[in-house]
Amino acid sequence: MEHWNCMQPIVKGETVVLYMKTQVGVDDFNRPIYEETVEEVGNVFVGVPTTEQITNELNLSGKRLSHILGIPKGDTHDWTDVVVEFHGRKWKTFGFPIKGNTDLMPLSWDTNVNVEVYG
């Protein structure tokens, strides 16, 4: 019989859709041409920021922070300035992902990504 510690929280992430852009060439003016690909990423923790976090981000960057995504350990996607979809809406990441020390993180996530409303 497996031992289960009642003190450990049961925390699960959800699946989000990540819209990635890959450069496939350049146009006649040497501007990049991108192709969009869509990929589902599982076990992403969708967190709600505190009022203080929302206010601080608005004051610092002018962006309205709506969610903070917890990215699972070992994920290799580029989460910088991409569109993501969850809860039936599209959102846009902003800023740089903040990665913690994986070995010191007790749960399944080691990177935080800020998200704002898209469109």
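Read on for a plain summary of the structure. (Residues numbered from 1 in each chain as written. Predicted model: local features only at pLDDT ≥ 70, side-chain atom pairs only at ≥ 80, totals over all residues. Heavy atoms only, no water.)

**So, the pattern of salt bridges**
Line of reasoning, step 1. Tallying each qualifying case throughout the model produces 3 salt bridges.
Line of reasoning, step 2. For Arg 31, the salt bridge identified is with Asp 27, shortest N-O distance 2.9 Å.
Line of reasoning, step 3. Given the relative accessible area of 48%, Arg 31 is considered partly exposed.
Line of reasoning, step 4. Salt-bridge contacts for Lys 63 lead to Glu 116; the nearest nitrogen and oxygen are separated by 3.5 Å. Highlighted residues: Lys 63 in the loop between α1 (51–61) and β3 (67–72) and Glu 116 in strand β6 (residues 109–117), separated in sequence by 53 residues.
Line of reasoning, step 5. The exposure class assigned to Glu 116 is buried, which follows from its relative accessible area of 16%. (Salt bridge = Lys/Arg side-chain N within 4 Å of Asp/Glu carboxyl O. Buried < 20%, exposed > 50% of the residue type's maximum accessible area, 1.4 Å probe, protein only. Helix = DSSP H or I, 4+ residues; strand = E, 2+ residues; numbered from the N terminus.)

**Brief notes about the nonpolar core**
Line of reasoning, step 1. Counting 15 residues, the largest nonpolar core has Val 16, Leu 18, Val 44, Leu 69, Trp 79, Val 84 and Phe 86 as the members making the most contacts within it.
Line of reasoning, step 2. Among the secondary structure elements, those contributing two or more residues to this core are β1 (14–26), β2 (32–47), β3, β4 (83–86) and β6.
Line of reasoning, step 3. Residue contacts for Phe 86: discarding those within four places in its chain leaves Glu 14, Val 16, Val 46, His 67, Leu 69, Trp 91 and Val 115. (Core = buried A, V, L, I, M, F, W, Y, C linked by side-chain atoms within 4.5 Å. Contact = heavy atoms within 4.5 Å.)

**Some thoughts on the packing of aromatic side chains**
Line of reasoning, step 1. Taken as a whole, this structure holds 2 aromatic pairs when the rule is applied.
Line of reasoning, step 2. Ring geometry for Phe 45 against Trp 109: centres 5.2 Å apart, planes inclined by 55 degrees, an arrangement best described as tilted. Linking Phe 45 in strand β2 with Trp 109 in strand β6, this pair joins segments that are 64 residues apart in sequence.
Line of reasoning, step 3. Using a relative accessible area of 11% as the deciding quantity, one classes Trp 109 as buried.
Line of reasoning, step 4. Their ring planes at 10 degrees and their centres at 5.1 Å tell us that Phe 86 and Trp 91 sit as a pair that is stacked. Both residues of the pair, Phe 86 and Trp 91, belong to the buried class.
Line of reasoning, step 5. Above the face of the Trp 91 ring, Arg 89 is positioned so that its terminal group lies 4.9 Å from the ring centre. (Phe/Tyr/Trp six-rings, centres within 6.5 Å; stacked < 30°, edge-to-face > 60°. Lys NZ or Arg CZ within 6 Å of the ring centre and 35° of its normal.)

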